[in-house]
Amino acid sequence: MMQKLENFLLNHPGTSFFFLIILSIPAFFINLGLLALFADEPTRANVALEMILSKNYAVPTIGAEYYYNKPPFYNWILAGIYQLSGNYSEFTTRLPSIIPMFLFAITIYFSVSFFLKDKRIAAISGILFLVNGRMLIYDSMLGHIDIFYSWLTFSSFMLIFYFLQKQNWFLLFFISYLITAITFLCKGLPSIVFQGLTLIAVLAYTKNFKKLFSWQHILSGLICVLIIAAYFRNYYQYNPNLEGYLSTIWDQSSKRTASEFGLTQSLIHFISFPFEHAGHLFPASLLLLFCFHKEFLTGIKNNPFLTFISLIFLANIWVYWLSPQTRPRYLLMLYPLLFIIWSHAYFTYREKLPRMNSFFNKLILILAVAVSLCIPGALFFDLQHYVPYLLPKVILLSIAGGLISYTIYRLKTGKIFAFISILIVLRFAFSWFVIPHRFEHLEDRQYRDAAIEMGNISKTEAFYFYQYHPSELDIPHHDRLIFYIQRSRMQQVKFTEELSKPGYYFTFDRDVVNPNATLVKSYRNLKLYQVK
């Protein structure tokens, strides 16, 4: 039985990849919509919802006030999904992120399979995008822009290499600049940085630097600029404050750079950066062990694709390495380049590093057993009150973990495929047990319920957010509260500094000083007033 499985994994890595992808789908989708929106999710959701409510898709707003931090392309996608589904739930809000996550993994697989002609490397590097620690238990739960944005940026990298091999300079520049225009309209200036650094590095390395002055490059760059300019021209018809918009986009891209922080903090970040991100990518980063073979660098240099992705990585990573407070999700387009290199090192040098390979195999077995032994711990957290069929789920995952651990122990060359299976089991456990636990115990739910109730109470009358212009950070769940109020009312919330208009007023940490105001309800430090 084990020999048949070994032969299958050896001869059909592509089939194994798609089996793991299919197995991953329910693991990532279970309870995807359970938690209230958090982090940057409600900001994206607010902008998309207000576009629908105002019927103005050119101008991003929050609380009917101009929102300048990001251009709206991602919000257009989210608004489209809202309207097509007729649903504004947390689950729907996260779809434009979770679906590109799987498309990203598949893009990695097909790209590596095409350029390296090794489906084992393609399969492992593709699936590692789903099961690295950062994606496994954090980014895959969030309706952020970054996975979609990074998928497009990575695709641009792959297309640049493809057309570079074909020496088709027009398509190389045209398609990469077309993607740059789209990604700019998603996130702003980082797209220009990626495109610029990538082209300069590739053209300089391949001794084609003069192509930067070619008609193909100039025309493609102009098309990119015209697409972006067309958006801003249309925007200008509704809001002439382009200077404020563009300066905010610039500020969003530059505020995390080393110039904004002291020397000490910058040095700490510089030293800790590689170790921090190796931690984020664990256990995928264990494959680094196989990069210590003496032939590793020679192998990179002798393979054009590996040389290219190494060059792209080095050309772009320094921006983040030198920028304190860089968030891991900003590097999602660069992480797969590491997965490809690491997977190549694993399959190329594991037989040449027998001691390292033996250590790696023992370590992944220990980790698999540890996951299997931890799963029954779910029975000791009173989860039975809000996790249906808790015991059968624990038994099912424990048996799966045990069988996979045994398989890792018995297999000789296919252990890594089995180990990835245990990580998918871990995600099932996370979705079934950890997410409901967070839902029951975090205060996020209470703020969401309060906002929804306020929206329902005030549904037929005007509603105002009494805005005395504090920092958003001073108001817990600022954008989240606005989104849930707007969603329940399906009308825009408007900020105001006046207290005389009839209607409902939502305040944070203060009273409405108006003799005609009646306190309708208090929610901790949130208050709902009615002015008649």
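Our subject is the structure listed above.
As a starting point, this report considers the structure included with it. The shown structure was predicted, so the numbers you read here are calculated from the model rather than taken from an experiment. (Residues numbered from 1 in each chain as written. Predicted model: local features only at pLDDT ≥ 70, side-chain atom pairs only at ≥ 80, totals over all residues. Heavy atoms only, no water.)

**Here's the deal with the packing of aromatic side chains**
The relative placement of two aromatic rings is captured by the distance of their centres and the angle of their planes. Inspection of every chain in the model, using the stated rule, returns 48 aromatic pairs. When the centroid spacing of 5.5 Å and the interplanar angle of 40 degrees are considered together, the rings of Y68 and Y245 count as tilted. Separated by 177 residues along the polypeptide, Y68 in the loop between β2 (65–66) and α4 (73–85) and Y245 in helix α12 (residues 242–254) bring together distant segments of the chain. With 5.6 Å between their ring centres and 45 degrees between their planes, F428 and W432 make a pair best called tilted. You can see F428 and its partner W432 sitting in helix α19 (residues 415–441), four residues apart, about one turn around the helix. The pair formed by F428 and W432 is uniform in burial state, with each residue classed as buried. Aromatic rings pair up to connect Y66, Y68, F73, Y74, W76, F148, W151, F184, Y231, F232, Y235 and Y245 into one cluster. Directly above the ring of F114 sits K117, whose terminal nitrogen or CZ lies 4.5 Å from the centroid. Residue placement shows K187 over the ring face of Y149; its charged tip is 5.1 Å from the ring centre. (Phe/Tyr/Trp six-rings, centres within 6.5 Å; stacked < 30°, edge-to-face > 60°. Helix = DSSP H or I, 4+ residues; strand = E, 2+ residues; numbered from the N terminus. Buried < 20%, exposed > 50% of the residue type's maximum accessible area, 1.4 Å probe, protein only. Lys NZ or Arg CZ within 6 Å of the ring centre and 35° of its normal.)

**So, a nonpolar patch on the surface**
Where nonpolar side chains cluster on the molecular surface, the patch consists of L379, F380, F381, L391, I395, I399 and L403 and spans about 740 Å² of accessible area. The residue I395 is located in helix α18 (residues 390–410) in this model. (Patch = residues over 30% accessible without salt bridge, like charges linked within 9 Å, V, L, I, M, F, W, Y side chains within 5 Å. Areas by Shrake-Rupley, 256 points an atom, 1.4 Å probe, with all protein chains shown as cover. Salt bridge = Lys/Arg side-chain N within 4 Å of Asp/Glu carboxyl O.)

**A look at the sheet that holds strand β5 (residues 503–508)**
Here we have five strands laid out as an open sheet, ordered β4-β3-β5-β7-β6, and mixed in their pairing. Looking along the sheet, the strands with just one partner apiece sit at the ends: β4 (494–496) and β6 (517–523). Averaged over all neighbouring strand pairs, the angle between strand axes comes to 30 degrees, with direction disregarded. Sheet topology places β5 next to strand β7 (residues 526–531); six bridges connect them, and they run antiparallel. Each residue of the ladder has a partner; that of Y504, found in β7, is Q530. Across the sheet, helix α20 (residues 444–457) lies against β3 (463–466), β5, β6 and β7, angled at about 150 degrees from β6, the strand it touches most. In the packing of helix α21 (residues 478–489) onto the sheet, contacts are made with β3, β4, β5 and β7, and the angle to β3 comes to roughly 175 degrees. (Pairing = 2+ DSSP bridges. Axes fitted to C-alpha atoms, helices over the stretch in contact; angles between N-to-C directions. Contact = heavy atoms within 4.5 Å.)

**Let's talk about α19**
The first and last C-alpha atoms of α19 sit 38 Å apart over 27 residues, in line with the 39 Å expected at 1.5 Å per residue. Its maximal kink placed at F430, α19 deviates by approximately 35 degrees. Burial of α19 is extensive: 21 of the 27 residues sit out of reach of the surface. (Expected span 1.5 Å × (residues − 1). Bend = angle between axes of the 7 residues up to and from the residue.)

**Here's the deal with the environment of N316**
Structurally, N316 can be placed in helix α15 (residues 304–321). Judged by its relative accessible area of 2%, N316 falls in the buried class. Sequence separation of N316 and I249 is 67 residues, and the distance between their C-alpha atoms is 20 Å. Ignoring anything within four residues of it in the chain, the contact list for N316 reads F157, V193, F194, L197, T198 and L334. At a separation of 2.9 Å, a polar atom in the side chain of N316 contacts the main-chain carbonyl oxygen of I312. (Polar contact = N/O pair within 3.5 Å; in protein donor to acceptor, adjacent residues only side chain to side chain.)

**A look at unusual backbone geometry**
In the segment running from F282 into P283, the intervening peptide bond is cis, with an omega of 5 degrees. Topologically, P283 is positioned in the loop between α13 (263–280) and α14 (296–301). Positive phi outside glycine occurs at K207, with the angle close to 60 degrees. With respect to the helices and strands, the residue K207 is situated in the loop between α10 (190–205) and α11 (215–236). The class of K207 is exposed, set by a relative accessible area of 77%. You will see that M490, though not glycine, has its phi angle at about 55 degrees, which is positive. What makes M490 partly exposed here is its relative accessible area of 34%.

**A closer look at the pattern of salt bridges**
In total, this model carries 16 salt bridges according to the counting rule given. Measuring nitrogen to oxygen at the nearest pair gives 3.4 Å for the salt bridge that ties E440 to R445. Overall, R445 belongs to the partly exposed group, its relative accessible area being 29%. In this structure, the salt-bridge partner of R448 is D449, at a minimum N-O distance of 3.8 Å. On the accessibility criterion, R448 (10% relative accessible area) is buried. The exposure class of D449 is partly exposed, given its relative accessible area of 35%. The structure contains a network of salt bridges with shared partners spanning E90, E440, R445, R448, D449 and R487.

**Some remarks on the packing of helix α2 (residues 13–29) against helix α6 (residues 119–131)**
Between α2 and α6, the shortest axis-to-axis distance is 9 Å and the interhelical angle comes to 10 degrees. Comparing their axes, α6 and α2 come out roughly parallel. Across from P13, G14, F17, L20, I21, S24 and F28 in α2, the residues of α6 making contact are K119, R120, A123, G126, I127 and L130. In terms of residue class, the contact of α2 with α6 is made up of eight nonpolar, three polar and two charged. (Parallel < 35°, antiparallel > 145°, perpendicular 65-115°, else oblique. Nonpolar A, V, L, I, M, F, W, Y, C, P; charged D, E, K, R; others polar.)

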